[in-house]
Amino acid sequence: MTVEERIAQLRKLMAERKIDVYYMPNEDDHLSEEYTASYFHAKSWMSGFSGDAGCTIITKDFAGLWTDGRYFTQAEGELEGSEVQLMRLRQKGVPEPMDFLIENTPENGLLGFDGRVVSASAALRLSRALSRKNASMHVNEDLVGMIWEDRPSMPAEKLFILEQKYTGESITERIAIVRKEMQEKDADALVLTSLEDPCWMLNIRGNDIPYEPVAYAFAIVTQDQLYYYIDDVKLTEEVRNYLNEAGVTIRPYESYKDDLGTFHNMKIWADLNQLNSAAYTHIASDNSIINEVSPIVNYRSIKNETEIACMHTSQEKDGVAMVRFIKWVKENVDKDDMTEITAQNKLYELRAQMPDYIEPSFGTICAYQENGAMMHYSATEEKYSPVHPRGFLLVDSGGTYKDGTTDITRTIKVGPLTDEEKMYYTLVLKGHLDLQAAKFLSGTAGNNLDILARRPLWDINIDYQCGTGHGVGHVLGVHEGIHGIRWGMPAKGKAYDILRPGMIVTDEPGVYLPHQLGIRIENDLLVVKDVENFYGQFLKFEPMTYCPYEIDAIDVRYLEDCNIAQINAYHKMVFDRLSPYLNEDEKAWLAHETRVITR
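We now turn to the structure provided with this report. Position numbers for residues count from 1 along each chain, tracking the sequence in the order it is written. It should be noted that, the model being predicted, local features are given only for residues of pLDDT at least 70 and side-chain atom pairs only at 80 or more, the latter also being counted only at that level, while totals for whole chains, interfaces and linings use all residues. Calculation of side-chain values draws on the structure's entire complement of heavy atoms; hydrogens and water are dropped beforehand.

### Considerations on the overall build of the protein chain
To keep things clear, this is the line we draw: Strands are runs of DSSP state E lasting at least 2 residues, helices are runs of H or I lasting at least 4, and numbering of each runs from the N terminus. The rule is simple: take the accessible area with a 1.4 Å probe, protein chains only, and divide by the maximum for that residue type; under 20% is buried, over 50% is exposed, in between is partly exposed. Contacts are residue-level and defined by heavy atoms, with any inter-residue pair within 4.5 Å sufficient. We get accessible surface area from the Shrake-Rupley algorithm with a probe of 1.4 Å; when it comes to residues, only the shown protein chains can shield them. The positive count covers Lys and Arg only, the negative count covers Asp and Glu only, and His and the chain ends enter neither. For charged residues, the charge sits on one atom: NZ in Lys, CZ in Arg, CG in Asp, CD in Glu.
Regarding its fold elements, the protein chain presents 19 helices and 28 strands. With the C-alpha coordinates aligned to their principal axes, the bounding extent of the protein chain is approximately 70 × 55 × 50 Å. Taken over 599 residues, the protein chain has a buried fraction of 59%. Taking the intrachain contacts of the protein chain between residues at least 6 apart in sequence as the baseline, contacts between residues at least 24 apart amount to 68%. Taken as a whole, the protein chain presents about 24,400 Å² of accessible surface, with 49% of it coming from carbon and sulfur. Separation between the mean location of the 61 positive side-chain charges and that of the 93 negative ones in the protein chain comes to 3 Å.

Here's what the structure looks like:
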């Protein structure tokens, strides 16, 4: 079916049920916001937009796709020719999706959505607002599933155990940590709905979602029981025995909602932003809710010594792959057969050669010149660009290894550059370096530091419409935690977590000029302690990414002396870290790419 035919079929079902507005978010039944199994891609199937963010809303006479600035250019192309309107999030005159739903559900009207993919907190907000209009919600049917005939099945990949030599803590130690946190909150039960949380607690990983080693599973923890809800087909005999020995009771995936209904007169710890509204309706009214993020969110965001050491090892392997890749690009770009596809496939090949490699940590963004202006561009076998020996090739990529997860962006000079292109590259690099060199007092959040990365661009009236940095998981999601580096103040009811020693966060400012070029430079940074004195504990960043910047794209007129010294020190560290793993030809190439620069 075409997009118009799908919308027509949906509207027919809506009319039969007297539904005025139907809402399709990007999330799955765990409220994952980015990567989800294909089964849950209702928003994309209905609208034709393939990006990993946003929502689709259909009314009797309107169809809209909401997404953020990372995807505006991509969405423009994918929605062209359809009736679906692009609603640019956080742009003047564009309502937020929740506000649109409330405003466009008429008096005595009906709002519909699949309760599995809308959070309890969102559903409660909608219910309160709609009650003032005597309107209600229809949430027990997945209307898209009724017309999506070739809908993919739920994944059924096998679990594997992540050994203690990588995690630093045993399954029993991590369960005990969780129960101790529950005791401090006086919680009788903890409901774990985020895909990453059970994986961290149980030291297991899966393969249900592309680019993220997690499994579709829920868990409920009490002081004397631990229930793990997962499809039986995913359990090997080794994993089953491992869980049984740790006192874990294995239950069918769909039964967790019914099990919630058996709890009475209890204090249940459940994050209503992560608990779907369908599950929430099963919690009896005689229970009280501790509506806070799970304790595991904080524990997994602060890496222990073993995890940090393993992450450094994974970064060295990743740096070797990246150095070999950039060398290959520069030596082969003047040949006629290089495309974005051949380049990204070469990088996949080089990473796969590294020890303990599992998979990419996200889909590689390999974007030549103007394609780089689309922050989450994806080259496909059907649509890609050749790479010519001029301008920039932006490559944002990462790897998941048994010892860690990486995320790196390098914008590679593949031929002659204009003075303007060098200016943009250097200003992005300056912002990147200024943030990387930051020293800050304990208690600082990422939004306090964001200006350091943006200031060189703001000075020339340019911005990038996304955050500057996000947390990175340990053999989990490449985007993790409530900490990050973002512009502006947190939304009402939310908080930006302060940066703590052991956290890993990215540093990735950029310039994105639609239909012209894209430049981004990204390192992973570890938060570490610095000086402690009368004023308190100072913290700083330690770069974990080992890969040279593009020296030949730098115009030192836009840098301060401290920036030049920082580049030279970073490049010395990169060479010292990576050269032992390189052959003589590769070592000589890296020595040239990390040579000392001067004003």
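### Observations concerning helix α14 (residues 305-332)
Counted only if it meets this: In a helix, the anticipated span is given by 1.5 Å times the number of residues less one.
Taking 1.5 Å of rise per residue, 28 residues should cover 40 Å, and α14 covers 41 Å from first to last C-alpha, within 8% of that figure. Buried residues dominate α14, accounting for 20 of its 28 residues.

### Structural notes on the packing of aromatic side chains
Applied cut-off: For this analysis, a ring pair means two rings from Phe, Tyr or Trp (six-membered ring only for Trp) whose centres lie within 6.5 Å, classed as stacked if their planes differ by under 30 degrees, edge-to-face if by over 60, and tilted for the remaining angles.
Scanning the model with the defined rule gives 21 aromatic pairs in all. Judged by centre distance (4.9 Å) and plane angle (85 degrees), the ring pair of Y39 and F40 falls under edge-to-face. Both residues of the pair, Y39 and F40, belong to the buried class. Relative to Y216, the ring of F40 has its centre 5.7 Å away and its plane inclined at 35 degrees; by these criteria the two rings are tilted.

### Re the pattern of salt bridges
Heads up, the rule is: A pair is scored as a salt bridge if a Lys or Arg side-chain nitrogen falls within 4 Å of a carboxyl oxygen belonging to Asp or Glu.
Using the criterion set out here, one finds 44 salt bridges in the structure. For E480, the salt bridge goes to K303, with nearest N and O atoms at 2.7 Å. Taken as a pair, E480 in strand β23 (residues 480-485) and K303 in the loop between α13 (295-301) and α14 lie far apart in primary sequence, 177 residues in all. When its relative accessible area of 4% is taken as the criterion, K303 is described as buried. One salt bridge in this structure joins D576 and K572, with 2.8 Å as the shortest N-O distance. Of the two residues, D576 and K572 both sit in helix α18 (residues 561-578), four residues apart, roughly one turn of that helix. Among the charged side chains, a salt-bridge network with shared partners connects D114, R116, D142 and R151.

### Overview of the packing of α14 against helix α15 (residues 340-352)
We count it as follows: Fitting a line to C-alpha atoms yields each axis, with helices limited to the stretch in contact; the angle taken between N-to-C directions then spans 0 to 180 degrees. Each crossing gets its hand from how the near helix is turned against the far one by less than a right angle, where anticlockwise is left-handed and clockwise is right-handed. Residues are sorted three ways: Asp, Glu, Lys and Arg are charged, Ala, Val, Leu, Ile, Met, Phe, Trp, Tyr, Cys and Pro are nonpolar, and all the rest, Gly among them, are polar.
Direction vectors running N to C along α14 and α15 enclose 145 degrees, while the axes themselves pass 9 Å from each other. When you trace α14 past α15, the crossing you get is right-handed. Packed against α14, whose contacting residues are D318, A321, M322, R324, F325 and W328, the element α15 presents T342, A343, K346, L347, L350 and R351 at the interface. By residue class, the composition of the contact of α14 with α15 is seven nonpolar, one polar and four charged.

### Some remarks on the sheet that holds strand β15 (residues 357-360)
Under the convention used in this document: Strands qualify as paired when DSSP identifies two bridges or more between them.
Taking strand neighbours across the sheet as the criterion, the three strands line up as β15-β18-β19 in an open arrangement whose pairing is antiparallel. With one partner strand each, in any of the chains shown, β15 and β19 (404-405) form the two edges of the open sheet. Here strand β18 (residues 399-401) pairs with β19 via two bridges, running antiparallel. Pairing of Y401 across the sheet is with G404, part of β19.

### Topic: the nonpolar core
Going by this rule: Residues enter a nonpolar core if they are buried and are Ala, Val, Leu, Ile, Met, Phe, Trp, Tyr or Cys, with the set joined through side-chain atoms within 4.5 Å.
Formed by 79 residues in total, the largest nonpolar core has its most connected members in M201, L202, Y228 and L243. Examining the composition of this core, we find that six residues originate from one element, helix α5 (residues 120-131), more than from any other. Apart from residues no more than four positions distant in its own chain, L202 is found in contact with I171, I175, L226, Y228, Y242, L243 and V248. F325, V505, L517 and I551 belong to the second largest nonpolar core, which has 72 residues in total.

### Focus: the sheet that holds strand β4 (residues 85-88)
Pairing in this open sheet of six strands is mixed, and the strands run β4-β3-β2-β1-β5-β6 from one edge to the other. If you trace the sheet from one side to the other, it starts and ends with β4 and β6 (136-138), each paired once. Direction aside, the axes of adjacent strands within the sheet are offset by 25 degrees on average. Pairing of strand β1 (residues 21-25) with strand β5 (residues 110-113) involves three bridges; the strand directions are parallel. Counterpart to Y22 in the pairing with β5 is G112. Set on the sheet, helix α1 (residues 3-16) makes contact with β1, β2 (55-59) and β3 (63-67); between it and β2 the angle comes to about 60 degrees. Against the sheet, α5 contacts β5 and β6, and its axis sits at roughly 135 degrees relative to β6.

### Quick look at the side chain of D142
Applicable threshold: Pairs of N or O atoms within 3.5 Å make up the polar contacts considered here, provided that, within protein, one atom can donate a hydrogen while the other can accept it, and that residues adjacent in sequence are counted only when both atoms are side-chain atoms.
Relative to the helices and strands, D142 is located in the loop between β6 and α6 (143-147). Exposure remark for D142: the relative accessible area of 17% places this residue in the buried category. Among the polar contacts listed, one links the side chain of D142 to the backbone nitrogen of G145, at a separation of 3.2 Å. Among the polar contacts made by the side chain of D142, one reaches the side chain of R151 at a distance of 2.6 Å. Residues in contact with D142, not counting those within four places in the same chain, are Y22, D114, R116 and R151.

### Thoughts on the environment of R455
In this fold, R455 is placed in helix α17 (residues 446-458). Along the chain, R455 and L427 lie 28 residues apart, while their C-alpha atoms are 9.1 Å from each other.

### Here's the deal with unusual backbone geometry
Backbone geometry places K18, a non-glycine residue, at a positive phi of 60 degrees. With respect to the helices and strands, K18 occurs in the loop between α1 and β1. By relative accessible area, which is 65% here, K18 ends up exposed. Positioned with a positive phi, N265 is a non-glycine residue whose angle comes to about 55 degrees. Relative to the helices and strands, N265 is located in the loop between α11 (256-260) and β13 (267-269). On the basis of relative accessibility, which here comes to 63%, the residue N265 falls in the exposed class.

All quantities given are derived from atomic positions and should not be read as evidence of function.
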